[in-house]
Amino acid sequence: MPPIKNTAILGRKVGMTRWFQEDGTNIPVTVIEAGPCVVTQVKTTEADGYAAIQLGFEDAKVRRAAMPQIGHDAKAKTAPKRIHREFRIDDDEAEGFELGQSIDVSVFEDVKFVDVAGTSKGKGFQGPMKRHNFSGLEASHGVQRKHRSAGSIGGHATNLGTGPKIKKGKRMAGHMGDERVTVRSLDVVHADPEKNLLVVKGPVPGPNGGDLYIRPATRLYKSKARAQAEA
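Residues numbered from 1 in each chain as written. Predicted model: local features only at pLDDT ≥ 70, side-chain atom pairs only at ≥ 80, totals over all residues. Heavy atoms only, no water.

1. Digging into the overall build of the chain
Going by this rule: Per the convention used, a helix needs a DSSP run of H or I reaching at least four residues, while a strand needs a run of E reaching at least two, with both numbered from the N terminus. C-alpha atoms define the radius of gyration in this analysis, and the globule rule sets the expected value at 2.2 Å times the number of residues to the power 0.38. Throughout, exposure labels follow a simple rule: accessible area from a 1.4 Å probe, protein chains only, divided by the maximum for the residue type, with under 20% read as buried, over 50% as exposed, and the rest as partly exposed. Throughout, a contact is declared for two residues whenever any of their heavy atoms are within 4.5 Å. In these tables, accessible area is a Shrake-Rupley quantity obtained with a 1.4 Å probe, and a residue counts as shielded only by the protein chains included in the view. This count recognises Lys and Arg as positive and Asp and Glu as negative, with His and chain-terminal groups excluded. By convention, the point assigned to a charge is CZ for Arg, NZ for Lys, CD for Glu and CG for Asp.
Counting secondary structure elements, the chain contains four helices and twelve strands. A compact globule built from 231 residues would reach a C-alpha radius of gyration of about 17 Å, whereas the chain, at 23 Å, exceeds it by more than 25%. By residue count, 35% of the 231 residues in the chain fall in the buried class. A fraction of 68% describes how many contacts in the chain between residues 6 or more apart in sequence connect residues 24 or more apart. A total accessible area of about 14,400 Å² is found for the chain, and carbon and sulfur atoms account for 49% of it. The positive charge centre, built from 36 side chains, and the negative charge centre, built from 27, are 15 Å apart in the chain.

Set out below in structure tokens:
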């Protein structure tokens, strides 16, 4: 099996539930269907300019797949995949991977913390109170019905304080959600290679059924770094 430190996997969010520990307490967890993924391409510095591994997850309907996609995945002797994602590796680690190799959740058996990336739920067009947690204006007797508005914005017109346009970065109403979010250092509670399930503590971005990218945690606090080193 390839080195743990540079191994990632694709998956799907199943949903949230609770996990009872040995002492009887329960913690909120998210169940993820992680893999199995197929190595659909191995990139090297000589041929591609950098070393990376491309993974494919979940079979796509052949009638909905493009011919280049079908031919690309056929080189790995697998059906066309719905999702493809690559991650960088070192040049000397490329030898541990080969086309058609299957990577499942067992790569996280000795990993205590993971980073999970996904697309957050789309909220549509929202006002500043929901989008930026503004407190709003007064809502007492005699006040106009503007208690959920952003208030004055003229003082932030350009960097000088005056001008024909709003200063960049001004927090206002607008599109909310539907963006890539990474939740770092989630505790791995359980890994089940037989059912391709990974259970992590806490929430992960996106709705149930959303696509996820899971990798070993890249940035840990001291306490979690010690726990990972002891694993």
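Once the structure has been displayed, the description carries forward.
2. Notes on the pairing of strand β2 (residues 26–34)
Threshold: Two strands are counted as paired when DSSP detects at least two bridges linking them.
Sheet topology note: the strand β1 (residues 9–20)/β2 ladder contains nine bridges and is antiparallel. The residue of β2 that forms the bridge with T17 is V29. Turn length for the β1-β2 hairpin, with the two strands adjacent in sequence and antiparallel, is five residues, and the turn residue G24 shows positive phi of about 95 degrees. With five bridges connecting them, β2 and strand β11 (residues 197–201) associate as antiparallel partners. Along β11, the bridge assignment pairs E33 with L197.

3. Quick look at the environment of V39
Tracing the backbone through its elements, the reader meets V39 in strand β3 (residues 37–43). Here V39 falls in the buried class, since its relative accessible area comes to 0%. Put simply, V39 and S152 are 113 residues apart on the chain and 54 Å apart in space, counted from C-alpha to C-alpha. V39 has contacts with I53, Q54, L55, A76, F97, E98, L99, G100, Q101 and I103, leaving out every residue within four places of it along the chain.

4. Describing the pattern of salt bridges
Where we set the bar: The salt bridge definition used is simple: a Lys or Arg side-chain nitrogen within 4 Å of an Asp or Glu carboxyl oxygen.
Going through the model one piece at a time under the given rule, you end up with nine salt bridges. Across the pair R12 and E33 runs a salt bridge, and its minimum N-O distance is 2.7 Å. You can see R12 sitting in strand β1 and its partner E33 sitting in strand β2, a full 21 residues away along the chain. For R12, a relative accessible area of 17% puts it in the buried group.

5. Let's talk about the packing of aromatic side chains
This is how the line gets drawn: When two rings of Phe, Tyr or Trp (its six-membered ring) have centres within 6.5 Å they constitute a pair, described as stacked for plane angles under 30 degrees, edge-to-face for angles over 60, and tilted for the intermediate range. Charges are assigned to positions over rings by a cutoff of 6 Å between ring centre and Lys NZ or Arg CZ, combined with an angular limit of 35 degrees from the ring normal.
Counted by the stated rule, this structure contains zero aromatic pairs. The lysine or arginine in question, R85, covers the ring of Y213, its NZ or CZ lying 3.9 Å from the ring centre.

6. Observations regarding the environment of R219
The topology assignment puts R219 in the loop between β12 (211–216) and α4 (222–230). Sequence separation between R219 and D115 is 104 residues, and the spatial gap between their C-alpha atoms is 9.0 Å.

7. A closer look at unusual backbone geometry
What is expected of a backbone is that most residues other than glycine have negative phi and most peptide bonds are trans. The residue after G35, namely P36, is reached through a cis peptide bond having omega 0 degrees. Checked against the element boundaries, P36 lands in the loop between β2 and β3. Backbone geometry places E58, a non-glycine residue, at a positive phi of 70 degrees. Its relative accessible area of 29% is what places E58 among the partly exposed residues.

8. A look at the nonpolar core
What counts is decided by this rule: Only buried residues count toward a nonpolar core, which is a set of Ala, Val, Leu, Ile, Met, Phe, Trp, Tyr and Cys residues joined through side-chain atoms within 4.5 Å.
Counting 33 residues, the largest nonpolar core has I32, L55, F108, V114, V116, L198 and I214 as its most contacted members. Leave out the neighbours within four places in its chain, and L198 touches T30, V31, I32, A34, V105, F108, V188, H190, A191 and I214.

9. Here we look at the sheet that holds strand β5 (residues 81–88)
Let me state the cut-off plainly: Every angle, taken between N-to-C directions, lies between 0 and 180 degrees, and every axis is a line fitted to C-alpha atoms, over only the stretch in contact when it is a helix.
Taking strand neighbours across the sheet as the criterion, the four strands line up as β5-β4-β3-β6 in an open arrangement whose pairing is antiparallel. A single partner strand is all that each edge strand has here, and the edge strands are β5 and β6 (102–103). Relative to strand β4 (residues 52–59), β3 is paired through five bridges, and the arrangement is antiparallel. Across the sheet, residue V39 finds its bridge partner in β4, namely L55. Its contacts with the sheet put helix α2 (residues 67–74) on β3, β4 and β5, and the angle it makes with β5 is roughly 60 degrees.

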